[in-house]
Amino acid sequence: MNDIRLPAGYIEQMRRMLGESEAERFFASYGEPRTYGLRLNPLKFGPRDTGLFAVLQEQFGLEPVPWCKDGYYYRESSRPGTHPWHAAGLYYIQEPSAMSAAELLDARPGEMILDLAAAPGGKTTQIAGRMQGQGLLVANEIHPARAKILSENIERMGIRNAVVVSASPDRLAARFPAFFDRIMLDAPCSGEGMFRKDPDAVREWSESQVAFCAERQSGILDDAAVMLRPGGTLVYSTCTFNRAENEDTIEAFLTRHPSFTLERTERIWPHRARGEGHFVAVLRRAADGGEDAAAATA
Ligand code: SAM
């Protein structure tokens, strides 16, 4: 993809963030081929299916994704998305970096979990694999047409403990105060990490769009905070590089919500790992509810 024309403001931003020498290596990654990934579905594919796995490995050239137990890189030309195994839900096609956030959410069977911005369902289906059919997974997508695609993917993957809803985060927050053990917020963002994969994201990028996204993310994070039970875990992720939508958004959130602590952040960079760009922050709410308790139960 050598023909990507990056916006001047974006180039400037990345030089400021990374420094000249690392920025050069970062920009050089735009000349590299993008990576392709799939995630095996543990609801349909057990540890004993070693024979079937060997066939898939051979056919698609599978190589493990280091940060996801069920994740594999595949050979682009093998096109697993067109295979009947895909229609049968044996695996989900997912960009390798995007597999990191749901791993860090660490969902457990029997829990109440919310995926607040869920379509088309990459993270929902990954979380459901961890839940093993036990507990409740609420998958929300604000746009009804995308919620339909989300439902289709949930069905294809054989998930039976998920409910799909299509509501704005503030409407959900009014219904589910302090309800969920874990919340995944894979926020709508400016998509800088997808430039190699998605030319529309390059065309739509602007500094004002970054500011707009950051403000929207803060609003959604506040709604998520209301819905998390004391002691619960909130994972925030984006597929963008700028600090405004990542570290700055999280820092401002922590100031507004002193009952939350930041457990860790992860970034995946295309010039340092085999994957597109991704940011993940893991936040925990104090077990006693802290200063947000009144807001959550009001
Ligand atoms: N988690 C999904 C996955 O892994 O397949 C990808 C989610 S995508 C990064 C962000 C989603 O947020 C989009 O589906 C978009 O429709 C939705 N969205 C857009 N505006 C929103 C808003 N104001 N509140 C909540 N979700 C929104």
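Residues numbered from 1 in each chain as written. Predicted model: local features only at pLDDT ≥ 70, side-chain atom pairs only at ≥ 80, totals over all residues. Heavy atoms only, no water.

Caption draft 1: Molecular detail of the sheet that holds strand 7 (residues 162-165). Spatially, seven strands are ordered 7-6-5-8-9-11-10 in an open sheet, and the strand pairing comes out mixed. Each of the sheet's edge strands pairs with one partner strand only, and the pair in question is strand 7 and strand 10 (260-268). In this sheet, adjacent strand axes meet at a mean angle of 15 degrees when their direction is disregarded. Direction of pairing for strand 9 (residues 228-238) relative to strand 11 (residues 278-285): antiparallel, over a ladder of six bridges. What sits directly across from T233, in strand 11, is R284. Each of strand 6 (136-140) and strand 7 touches helix 7 (residues 144-156); the most contacted strand, strand 7, lies at about 165 degrees to it. Sitting on the sheet, helix 10 (residues 207-227) touches strand 5 (112-115), strand 8 (180-186), strand 9, strand 10 and strand 11, and the angle it makes with strand 9 is about 155 degrees. (Pairing = 2+ DSSP bridges. Helix = DSSP H or I, 4+ residues; strand = E, 2+ residues; numbered from the N terminus. Axes fitted to C-alpha atoms, helices over the stretch in contact; angles between N-to-C directions. Contact = heavy atoms within 4.5 Å.)

Caption draft 2: A look at the state of the cysteines. Counting across every chain of the model gives zero disulfides. Sulfur of C189: no disulfide; nearest cysteine sulfur belongs to C239 and is 3.5 Å away. (Disulfide = S-S within 2.5 Å.)

Caption draft 3: Layout of the sheet that holds strand 3 (residues 71-73). Read from one edge to the other, the open sheet built from four strands follows the order 2-3-1-4, with strand pairing classed as antiparallel. If you trace the sheet from one side to the other, it starts and ends with strand 2 (63-64) and strand 4 (91-93), each paired once. Direction of pairing for strand 1 (residues 37-40) relative to strand 4: antiparallel, over a ladder of three bridges. Among the inter-strand pairings, L38 is bridged to a residue of strand 4, identified as I93. Against the sheet, helix 3 (residues 50-60) makes contact with strand 1, strand 3 and strand 4, and its axis sits at roughly 175 degrees relative to strand 1, the strand it touches most.

Caption draft 4: Layout of the environment of V163. Looking at where V163 falls in the secondary structure, it is placed in strand 7. C-alpha separation for the pair V163 and L136, spaced 27 residues apart in sequence, amounts to 7.7 Å. Once you skip the residues sitting within four places of it in the chain, V163 turns out to touch L136, L137, V138 and A139.

Caption draft 5: Molecular detail of the environment of I4. Checked against the element boundaries, I4 lands in the segment before helix 1 (8-18). Spatially, the C-alpha atoms of I4 and R264 are 33 Å apart, while their sequence positions differ by 260 residues. If sequence neighbours within four positions are ignored, I4 has contacts with Y30, F195, R196 and V202.

Caption draft 6: Spotlight on the site of the ligand. In the vicinity of the ligand there are 17 residues, among which A117, G122, E141, R146 and D186 approach most closely. Contact between the ligand and A119: an oxygen atom at 3.3 Å from a main-chain N or O atom of the residue. Contacts to the ligand include D186, whose side-chain N or O atom sits 2.8 Å from a nitrogen atom. For the ligand, whose free accessible area comes to 590 Å², the fraction covered by protein is 84%. If you list the elements that add at least two residues to the shell around the ligand, you get helix 6 (122-131) and helix 10. Class assignment of the residues belonging to the shell around the ligand gives a composition of nine nonpolar, three polar and five charged. (Near = heavy atom within 4 Å. Polar contact = N/O pair within 3.5 Å; in protein donor to acceptor, adjacent residues only side chain to side chain. Areas by Shrake-Rupley, 256 points an atom, 1.4 Å probe, with all protein chains shown as cover. Nonpolar A, V, L, I, M, F, W, Y, C, P; charged D, E, K, R; others polar.)

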